[in-house]
Amino acid sequence: MIRIALTMLRTDRAKCTAMILAVTFSVFLMQNQCAILASLYRMMTAQIDDVTDAPLWVMEPDTRCFEQAKPVKDGTLERVRSRSGVAWAVPLLKIDTMARSDSGLLCTVTVMGVDEASMVGLPSRFRIGQPEAIRPAGTCAVDPGGYAQLFPGEPVHFPRRIRILDESLVLTGMTEASAPFTGFPILHCSRVTALRLNKAENRTATFIIGDFTPGANRAAVCESITAATGLSAMDRAGFGEMARRFYNSQGVPRLFWITIAIGLLTGTAITAQTFSMFVREHTTQLAVCRVMGVTRARIIAMVLCQGLFVLSIGCAFGTGLTAITTHAAASEPFLRGIVLPPQVAAGTCAALAAITIAAVTIMARRVALMDPAIVFRS
Amino acid sequence: MNPPAVHCHQIHRHFGNGDTRVHVLRGIDFTAASGQITFLAGPSGCGKTTLISVIAGLLQPSSGSVSLFGRDLASMPPDDAVRLRRKDIGFVFQQYHLIPALSVAENVAVPLLAASMKRRDALEQASAILDKLGLGDRLHQPPARLSGGQQQRVALARALVHQPRLVICDEPTAALDHETGHRVMELLAASAVHPDRAVLVVSHDNRIFHFADAIAHMDDGIITHIDHPNATTTA
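None of the values given here were measured: they were computed from a predicted structure. (Residues numbered from 1 in each chain as written. Chains lettered and ligands numbered in written order. Predicted model: local features only at pLDDT ≥ 70, side-chain atom pairs only at ≥ 80, totals over all residues. Heavy atoms only, no water.)

Chemist: In this structure, what is going on with the overall build of chain B? I would like to understand it.
Modeler: Looking only at helices and strands, one finds 7 helices and 10 strands in chain B. Since a compact globule built from 235 residues should have a radius of gyration of about 18 Å, the 18 Å found for chain B is in line with a globular shape. Seen through its C-alpha atoms, chain B measures out along the principal axes to roughly 50 × 45 × 40 Å. When contacts within chain B are restricted to residue pairs at least 6 apart in sequence, those whose partners lie at least 24 apart make up 68%. Summed over all atoms, the accessible surface of chain B reaches about 10400 Å², with 49% contributed by carbon and sulfur. A distance of 7 Å separates the average location of the 21 positive side-chain charges in chain B from that of its 22 negative side-chain charges. (Helix = DSSP H or I, 4+ residues; strand = E, 2+ residues; numbered from the N terminus. Rg over C-alpha atoms; globule rule 2.2 N^0.38 Å. Contact = heavy atoms within 4.5 Å. Areas by Shrake-Rupley, 256 points an atom, 1.4 Å probe, with all protein chains shown as cover. Lys, Arg positive; Asp, Glu negative; His and termini not counted. Charge placed at Lys NZ, Arg CZ, Asp CG, Glu CD.)

Chemist: Please explain the side chain of Thr206(A) as it appears in this structure.
Modeler: Residue and element names in this part refer to chain A. Checked against the element boundaries, Thr206 lands in the loop between α6 (191–197) and β9 (207–212). Taking the relative accessible area as the measure of exposure, Thr206 reaches 2% and is therefore buried. Filtering out sequence-adjacent residues up to four positions away, Thr206 remains in contact with Val58, Met59, Ala69, Lys70, Pro71, Val72, Leu92, Leu93 and Lys94. (Buried < 20%, exposed > 50% of the residue type's maximum accessible area, 1.4 Å probe, protein only.)

Chemist: Looking at this structure, how should I read the layout of surface pockets?
Modeler: Over the atoms a probe the size of a water molecule is rolled, and this reveals where empty space is left. All names here are of chain B. Approximately 510 Å³ is the volume attributed to the largest pocket. Around the largest pocket, the lining comprises 27 residues; the ones closest to its centre are Gly57, Gln60, Pro78, Ala81 and Arg85. Going through the elements one at a time, β4 (63–68) and α2 (78–88) are the ones with two or more residues in the lining of the largest pocket. By residue number, the principal contributor to the lining of the largest pocket is α2, which donates 5 residues. When its residues are assigned to classes, the lining of the largest pocket shows 16 nonpolar, 5 polar and 6 charged. (1 Å grid on protein atoms, 1.4 Å probe; cavity = no way out; pocket = protein on both sides within 12 Å on 5 of 7 lines; lining within 4 Å. Points joined across faces, edges and corners; volume = space filled by probe spheres on them. Nonpolar A, V, L, I, M, F, W, Y, C, P; charged D, E, K, R; others polar.)

Chemist: How should the nonpolar core be read in this particular structure?
Modeler: Generally speaking, a soluble globular protein has its nonpolar side chains buried in company with each other. Counting residues in each nonpolar core, the largest one holds 135 residues, and the members touching the most others are Phe30(B), Ile55(B) and Leu166(B). The dominant element in this core, judged by the number of residues it contributes, is helix α2 (residues 13–44) of chain A, at 12 residues. Here Phe30(B) is in contact with Val6(B), His7(B), Cys8(B), Thr38(B), Leu40(B), Ile55(B), Leu200(B), Ala216(B) and Ile223(B), once residues within four sequence places are set aside. Membership of the second largest hydrophobic core comes to 23 residues, among which are Ala54(A), Leu92(A), Met119(A) and Ile186(A). (Core = buried A, V, L, I, M, F, W, Y, C linked by side-chain atoms within 4.5 Å.)

Chemist: What exactly am I supposed to notice about the packing of α2(A) against helix α11 (residues 296–330) of chain A here?
Modeler: In a pair of packed helices, the angle between the axes and the distance between the axes together describe the arrangement. Residue and element names in this part refer to chain A. Relative orientation of the contacting elements α2 and α11 amounts to 40 degrees, with a least axis distance of 7 Å. Here α11 runs oblique to α2, going by the angle between their axes. Considering the relative orientation of α2 and α11, their crossing is right-handed. Here the residues of the contact of α2 with α11 are counted per class, giving 14 nonpolar, 9 polar and no charged. (Axes fitted to C-alpha atoms, helices over the stretch in contact; angles between N-to-C directions. Parallel < 35°, antiparallel > 145°, perpendicular 65-115°, else oblique. Left-handed = near helix turned anticlockwise from the far one by under 90°.)

Chemist: Honestly, the sheet that holds strand β6 (residues 89–92) of chain B in this entry has me stumped. Any pointers?
Modeler: Two strands in a sheet stick together by hydrogen bonds in their backbones, pointing the same way (parallel) or opposite ways (antiparallel). Residue and element names in this part refer to chain B. Taken in spatial order, the 6 strands line up as β6-β7-β8-β3-β9-β10 in an open sheet, and their pairing is mixed. The sheet is open, and its two borders are formed by β6 and β10 (222–227), each paired with just one other strand. Ignoring which end each strand starts from, the neighbouring axes of this sheet average 20 degrees apart. Sheet topology places strand β3 (residues 37–41) next to strand β8 (residues 198–202); 4 bridges connect them, and they run parallel. Opposite Ile37, over in β8, you have Val199 as the bridge partner. In this fold α2 packs onto β6 and β7 (166–170), with an angle of close to 70 degrees to the strand it touches most, β6. Packed on one face of the sheet, helix α5 (residues 148–160) meets β6 and β7 and runs near 170 degrees to β6. (Pairing = 2+ DSSP bridges.)

Chemist: For this particular structure, what's the right way to read the sheet that holds strand β1 (residues 6–15) of chain B?
Modeler: All names here are of chain B. One open sheet accounts for 4 strands, arranged β2-β1-β4-β5; its pairing is antiparallel. Since the sheet does not close on itself, it has two edges, and those belong to β2 (22–32) and β5 (71–72), each with one partner. Bridge count between β1 and β4: 5 bridges; the pairing is antiparallel. Among the inter-strand pairings, Cys8 is bridged to a residue of β4, identified as Val66.

Chemist: Just to check I follow, could you spell out the packing of aromatic side chains for this structure?
Modeler: Any two aromatic rings considered together are summarised by their centre-to-centre distance and by the angle between their planes. Scanning all chains against the criterion turns up 12 aromatic pairs over all chains. Look at Phe39(B) and Phe209(B): their rings are 5.7 Å apart centre to centre, the planes differ by 85 degrees, and that puts the pair in the edge-to-face class. Taken as a pair, Phe39(B) in strand β3 and Phe209(B) in the loop between β8 and β9 (214–219) lie far apart in primary sequence, 170 residues in all. As far as the burial class goes, Phe39(B) and Phe209(B) line up, both buried. Aromatic side chains Phe91(B) and Phe93(B) sit 6.0 Å apart centroid to centroid with 0 degrees between the ring planes, which places their arrangement in the stacked category. Its relative accessible area of 2% is what places Phe91(B) among the buried residues. Exposure remark for Phe93(B): the relative accessible area of 0% places this residue in the buried category. One aromatic cluster is present, built from ring pairs that chain together Trp57(A), Phe66(A), Phe207(A) and Phe239(A). A cation over a ring is seen here: Arg160(A) above Phe151(A), with NZ or CZ 3.9 Å from the ring centre. Here the guanidinium or amino end of Arg165(B) rests over the ring plane of Phe69(B), the centre of that ring lying 4.0 Å away. (Phe/Tyr/Trp six-rings, centres within 6.5 Å; stacked < 30°, edge-to-face > 60°. Lys NZ or Arg CZ within 6 Å of the ring centre and 35° of its normal.)

In structure tokens:
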């Protein structure tokens, strides 16, 4: 009987196609927007999460996110190091500046100067080269998307030269730095190198990063640092949470959620409406089945299977479409952070499935409870 | 002695309440014997369709009792009633009600598939009966490609494929011309009449009344009289 139900659905090509397209559109819209939103959330904290070996972050109290951080005053490093509960601490200098590639291309870059002794502050993995290669002054490593922006269309090879202000820098390798929220290339170098590029300001660190002593109460240590220095101190998760709160307050995520809701409502409304029309048109045929002794449960199963068929095909098409578009977007260096996380793909399909199945179940129940004697009257 | 195929005792059925209450069946006493074709005749709106819906267990009577082959429908659990309908009753509808998405053979196989028979076996059985009814060359065609008479023959095959003990036909010739209707009735009489089987035909087409062993005339919710058109001929 399930096969009969699916044949009935497949034969009504216009409605079947309309329903599949509605689900596909809805899934595509929701997944696309969810993927961008999830990627933005990931990028909001990407540079914080990349520094896996330093759980403690100290910064100016005005700082709200990684991208909008004011440098800390000189002398702060020692005051942080002297606090009880701090195992170690090192400076991290972040500068946004302009770089010029050897072909003359100008590009805004984010330079991260890490402590040259410990090299703490680098991404955990390098795709090409070694962390030691950026220890000498005048050298740096670039992220994959950054390389594509600085040298568009050119094959990857090292060493290469770029200029920042009037300083010449040698690119010696490629990090696995996560795509940043700004989309700019991320250059990692030693703090000595970064200081040479920091001519606009005389501060030597943007963040103090470090670790807690084993067993220390993290909240208490952070409070003690704040009390001693007047700076904000928090662990990595806390800094990430603060950055997300800041970006949330800017209103952009709200716009994404509105589009996602529109996708969900439109998709389910069109699917439910078309499915309702389909079921109404086939009520007599289902009633004939009831008269011939098909049980109510089986009638419900037949209608549910029709709904699930439409849903699964639509979800597959929608997810495929989103995967293609996000893959295409990710190949653009500036949009390299846009990905479709599997959780987003599954979550959006599950949300749409839940609402659609609820709507289909209501219709299936209505059909099962109909008066089968209508077959004698129609 | 075998119990009658259908026995109705004082069947009342009304619809609605208060001022809108309509009394459709007003105390029907009716018996259809096995091995016979029994007609229910009467003008439109006299309650024929309501009565066969009650007999088929699709409608509950407001009062009275119906028994099929000696089994009281009212005392039967709902699942048993569905099972009885699936196994022991075949239906032929005025508008055929074939499923347009299915082929002729698949349409005929529906009662067997509803009884959970394997698809291949069901289609084999359906093909066999279609062959008997002269539609062996139309097995894989959609019903829409058939003429009205052929569609009614498919509906007849669907009603008979699971060898039910009772075949209920609702105006089986109403949508057919005289000649085609006559042929369909001949097929019905030849295929369905069997000592253990009964055929109940609702019709007001008096051109086919001579196929009946008994004709129960209905008017305004009651059976006014019963004719036995073949009784004098056989006597």
